[in-house]
Amino acid sequence: MNRYVSKIPRRKFLKLTGCSLALLPVAIIASSRDTLAQGKASKEAVQYQETPKNGQKCKDCQFWTEPNGCQVVEGEISPEGWCSLFVVKQG
Ligand code: SF4
């Protein structure tokens, strides 16, 4: 890095790095905005699997949505799947 820094005037270097650091929080927020907007967990985070567990399956879960979705987990969800957020459908 020193090789590159020495070729850039100090004032310009400080301006560039300062600007980059100032924009870092904006970049972090922008990259996570989609996930936050969806408000759903990743399959990995909830140990999602494509098969039932102990007789529990997505189509019997409170969060299941037809035909292959879930209110709280992102992506395509199998009616025969399962995850750690399973809640028995009421009624
Ligand atoms: S078991 Fe998990 S993935 Fe399946 S419907 Fe319920 S919350 Fe969604």
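Throughout this document, residue positions are counted from 1 along each chain, in the order its sequence is written. With pLDDT at 70 or above as the cut-off, local features in this predicted model cover only qualifying residues; side-chain atom pairs require 80 or more to be listed or tallied, and sums for whole chains, interfaces and linings still use all residues. The side-chain quantities take in all heavy atoms of the structure and omit both hydrogens and water.

1. What about the overall build of the chain?
Phase 1: A run of H or I in DSSP counts as a helix once it spans at least four residues, and a run of E counts as a strand once it spans at least two, with each numbered from the N terminus. Counting its regular elements, the chain contains 2 helices and 2 strands.
Phase 2: Mapped in sequence order, the helices and strands of the chain form the string α-α-β-β.
Phase 3: Buried residues in the chain amount to 15% of all 91 residues.
Phase 4: Excluding contacts between residues fewer than 6 apart, the proportion of contacts in the chain whose partners are at least 24 apart in sequence is 66%.
Phase 5: Only the protein chains shown count as cover for residues, with accessible areas throughout obtained via the Shrake-Rupley method and a probe of 1.4 Å. Here the chain displays about 7100 Å² of accessible surface, and carbon together with sulfur accounts for 58% of that area. We call a residue buried when its accessible area falls under 20% of the maximum for its residue type, exposed when it is over 50%, and partly exposed in between, using a 1.4 Å probe and counting protein chains only. Residues are treated as being in contact if the distance between any of their heavy atoms lies within 4.5 Å.

2. With respect to the pattern of salt bridges
Phase 1: Note on definitions: salt bridges are taken to be side-chain nitrogens of Lys or Arg within 4 Å of carboxyl oxygens of Asp or Glu. Tallied over the full model, the rule gives 2 salt bridges.
Phase 2: With its nearest N and O atoms 3.4 Å apart, the salt bridge here joins Glu-80 to Lys-57. Linking Glu-80 in the segment after strand E2 (69–70) with Lys-57 in the loop between helix H2 (10–38) and strand E1 (64–65), this pair joins segments that are 23 residues apart in sequence.
Phase 3: With a relative accessible area of 30%, Glu-80 lands in the partly exposed category.
Phase 4: Note that Lys-59 and Glu-80 form a salt bridge whose closest N and O atoms lie 3.5 Å from each other. Here the residue Lys-59 occupies a position in the loop between H2 and E1, and Glu-80 occupies one in the segment after E2, the gap between them amounting to 21 residues.

3. Thoughts on the side chain of Ser-78
Phase 1: Mapped onto the elements, Ser-78 comes out in the segment after E2.
Phase 2: A distance of 3.1 Å separates a polar side-chain atom of Ser-78 from the backbone nitrogen of Glu-80.
Phase 3: Beyond its immediate stretch of four places on either side in the chain, Ser-78 contacts Tyr-48, Glu-50, Cys-58 and Trp-64. Between N or O atoms, a polar contact is any pair within 3.5 Å; within protein, one atom must be a potential hydrogen donor and the other a potential acceptor, and residues adjacent in sequence are included only when both atoms are from side chains.

4. Remarks on the nonpolar core
Phase 1: In this structure, Val-46, Tyr-48, Cys-58, Trp-64, Cys-70, Val-73, Ile-77 and Cys-83 together form the largest nonpolar core, which totals 8 residues.
Phase 2: For Ile-77, the contacting residues outside a window of four places in its chain are Lys-43, Tyr-48, Cys-58, Trp-64, Asn-68, Gly-69 and Cys-70. Here, nonpolar core refers to any group of buried Ala, Val, Leu, Ile, Met, Phe, Trp, Tyr and Cys residues whose side-chain atoms link them within 4.5 Å.

5. Points about unusual backbone geometry
Phase 1: Here the bond from Glu-66 into Pro-67 is cis, since omega is -5 degrees, no more than 30 degrees from zero.
Phase 2: Secondary-structure assignment places Pro-67 in the loop between E1 and E2.
Phase 3: A positive phi is found at Gln-47, a non-glycine position, where the angle reads about 55 degrees.
Phase 4: Phi at Asn-54 takes a positive value of approximately 50 degrees, unusual for a residue other than glycine.
Phase 5: Here Asn-54 lies in the loop between H2 and E1.
Phase 6: A residue is classified by how much of its surface remains accessible, and Asn-54, at 74% relative accessible area, is exposed.

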